[in-house]
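Understanding the architecture of this molecule
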Amino acid sequence: MGKKAEDIIKWGVVKPFFDKTYAFNTIDIETIDNEMFMLGYTIDNKYYYTLTDFYNVFHDFLIECIQSKKDVLTWTRYDNTFLLKLILSKAKNVNEILLKVGKISPIYEYKYKSFKFVIRSIIKDSMVFQVIDQDDNFRFCTIYNIKNLFADDLVNTAKDYDIHWYSKIGLEYHVIDKQRFYIDSEYNKNVLLSNKYDNEVLIEITTKLLDNFKTITGVYPKSIFTAGSIARSYLLAYNKIKKVPLHFRGFFKPSEKRESLLNYSMRAYHGGKIESYVLGSIKNGYIVDITSAYSSVLAKLPLLTGKIHKYNGTTNLDQFYYAFIHCDIIIKDSKLVHPLIVENPLNHSNISPWGYIENIIITKPEYDYMLKKGCEIIVHDYIGCEHINEYPYK
């Protein structure tokens, strides 16, 4: 069952921006036969690498990042997956730990030297660490997968930011020949140079991204986990948008209908769900990177007038863009992929059901989609929010 208005203990306040700048070190990993071969990294813009003792080198590096108050940049989820694999190499209950990803925080706690390391969460392949010393002092450090912010590959992203010195040098320096690496000094030199470039360009790209954001908005974004994070911060920062109310109470005056709208809207939204996942080794697979849809969806939202209407049945339903519909639904196709979510009564997880679903509240886009897919919907009543055809978030 979804949340209700009475579940709200206190209204939150949107805090869109950090009051400090970002600072970064970097990591770039090279592999051979799906095993880590080289760990390249920068500390204070100086490049280092190691071919051995990855576990200790990584954790010493992370401690140094914590002490200098710097986060870490990587380019691909591939690197962060290898880092997680490295961290869990000394864990006994790996499968149990992996099952927590995206569901439970903290994910994993362990000791290294005199410090306690805690993986607080993994957000879109970015890992948030908390490191605690013997006196219970702690700091956070995030290893960002900044590929989440860009649709193109690293070479073209660098070109888009007018970084002309960067290149991949050659494919053979990324698909590494281990034997040649040790016997051919020129080849060895170029492999290291290529890895060094891959580290250094991450800071330059991210610095330009953040500087451009601040030039336009006057502030830095609150977070840089995904393109959606950037879009949200931009929406809140842009001076033309600031005049548009973003809070529920800013749109609607106190009334009985407002309380009903709050109840219906909260009951219509559940958390996300994991459709499927696989643990262990996967021989063949594809990594698909889909650019965030938040900004394009926001651009299509029409301006609310603040007027609320409630109707029984489907009277005037088609005239509303924003509507929360109390209904029963019959889904006959067990294979239909749809956005409706209900709580599993057995384990309280979120599921997408089929069959007869009664006393559910859905949004207008969900209603339109389910009708299009041939589902039967029995509408009891709905609450609609009046709008005009102006689009303030474009």
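Here the residue numbering is sequential within each chain, running from 1 through the sequence in written order. pLDDT decides what is reported in this predicted model: residues at 70 or higher carry local features, side-chain atom pairs at 80 or more are listed and counted, and totals for whole chains, interfaces and linings draw on all residues regardless. Side-chain metrics in this entry use all non-hydrogen atoms of the structure; hydrogen atoms and water are not considered.

Bringing the overall build of the protein into the picture now. Numbered from the N terminus, helices here are DSSP runs of H or I no shorter than four residues, and strands are runs of E no shorter than two. Of regular secondary structure, the protein possesses 11 helices and 14 strands. Under the scheme applied here, a residue whose accessible area is under 20% of the maximum for its type counts as buried, over 50% as exposed, and between as partly exposed, the area being computed with a 1.4 Å probe on protein chains only. Considering the protein as a whole, with its 394 residues, one finds that 44% of them fall into the buried category. Two residues qualify as a contact provided that any one of their heavy atoms is within 4.5 Å of a heavy atom in the partner residue. Long-range contacts, defined as pairs at least 24 residues apart, comprise 67% of the intrachain contacts of the protein with a sequence gap of at least 6. Summed over its atoms, the accessible surface of the protein is roughly 23000 Å², and 52% of this surface lies on carbon and sulfur atoms. Each accessible area is a Shrake-Rupley result for a 1.4 Å probe, and residues are judged covered by the shown protein chains and nothing else.

A word on the environment of A91. With respect to the element layout, A91 can be found in the loop between α2 (77–87) and α3 (94–98). Here A91 falls in the buried class, since its relative accessible area comes to 15%. When the C-alpha atoms of A91 and Y108 are compared, they prove to be 9.2 Å apart, with 17 residues separating the residues in sequence. Each residue touching A91, except ones within four places of it in the same chain, is listed here: I97 and Y108.

A few words now on the environment of F115. Here F115 is to be found in strand β6 (residues 115–123). You can call F115 buried: its relative accessible area is 18%. Between the C-alpha atoms of F115 and F138, which are 23 residues apart in sequence, the distance is 9.5 Å. In this structure F115 touches I63, Y110, V131, I132 and D133, once residues within four positions along its chain are discounted.

Once that is clear, we can look at the nonpolar core. With 37 residues, the main nonpolar core has I27, L39, F58, Y108, F117 and F129 as its most contacted residues. The set of elements that each furnish at least two residues to this core consists of β1 (24–32), β2 (35–43), α1 (54–67), α2, β5 (108–112), β6, β7 (126–132) and β8 (138–145). When residues in this core are grouped by element, the largest group, 9 residues, is from α1. Contacts of Y108, omitting those with residues within four sequence positions, involve I87, L88, A91, I97, F117, V118 and I119. Ranked by size, the runner-up nonpolar core spans 25 residues in total, among them V128, I146, Y220 and I224. We call a set of buried Ala, Val, Leu, Ile, Met, Phe, Trp, Tyr and Cys residues a nonpolar core when their side-chain atoms join them within 4.5 Å.

For helix α7 (residues 227–237), the buried fraction is high: 9 of the 11 residues fall into the buried class. Taken residue by residue, α7 has A227, G228, S229, I230, A231, S233, L235, L236 and A237 as its buried positions.

A separate point is the packing of aromatic side chains. Any aromatic ring pair is given by two values, namely how distant the centres are and how the planes are angled relative to each other. Any pair of Phe, Tyr and Trp rings, taking the six-membered ring for Trp, is counted once the centres come within 6.5 Å. Such a pair is stacked with planes under 30 degrees apart, edge-to-face with planes over 60 apart, and tilted for the rest. Counted according to the given criterion, the structure contains 26 aromatic pairs. Both rings, one in Y41 and one in Y48, keep their centres 5.6 Å apart while their planes meet at 20 degrees; by these two values the pair is stacked. Where W165 meets Y197, the ring centres are 5.5 Å apart and the plane angle is 70 degrees; that geometry is what we call edge-to-face. Of the two residues, W165 sits in the loop between α4 (154–160) and α5 (178–183) while Y197 sits in helix α6 (residues 185–217), which places them 32 residues apart along the sequence. A network of ring pairs unites the aromatic residues Y22, F24, Y144, Y220 and F225 as a single cluster. A cation sits over an aromatic face here: K90 above Y55, 4.2 Å from the ring centre. Both a distance and an angle decide whether a charge sits over a ring: NZ of Lys or CZ of Arg must be within 6 Å of the ring centre and within 35 degrees of the ring normal.

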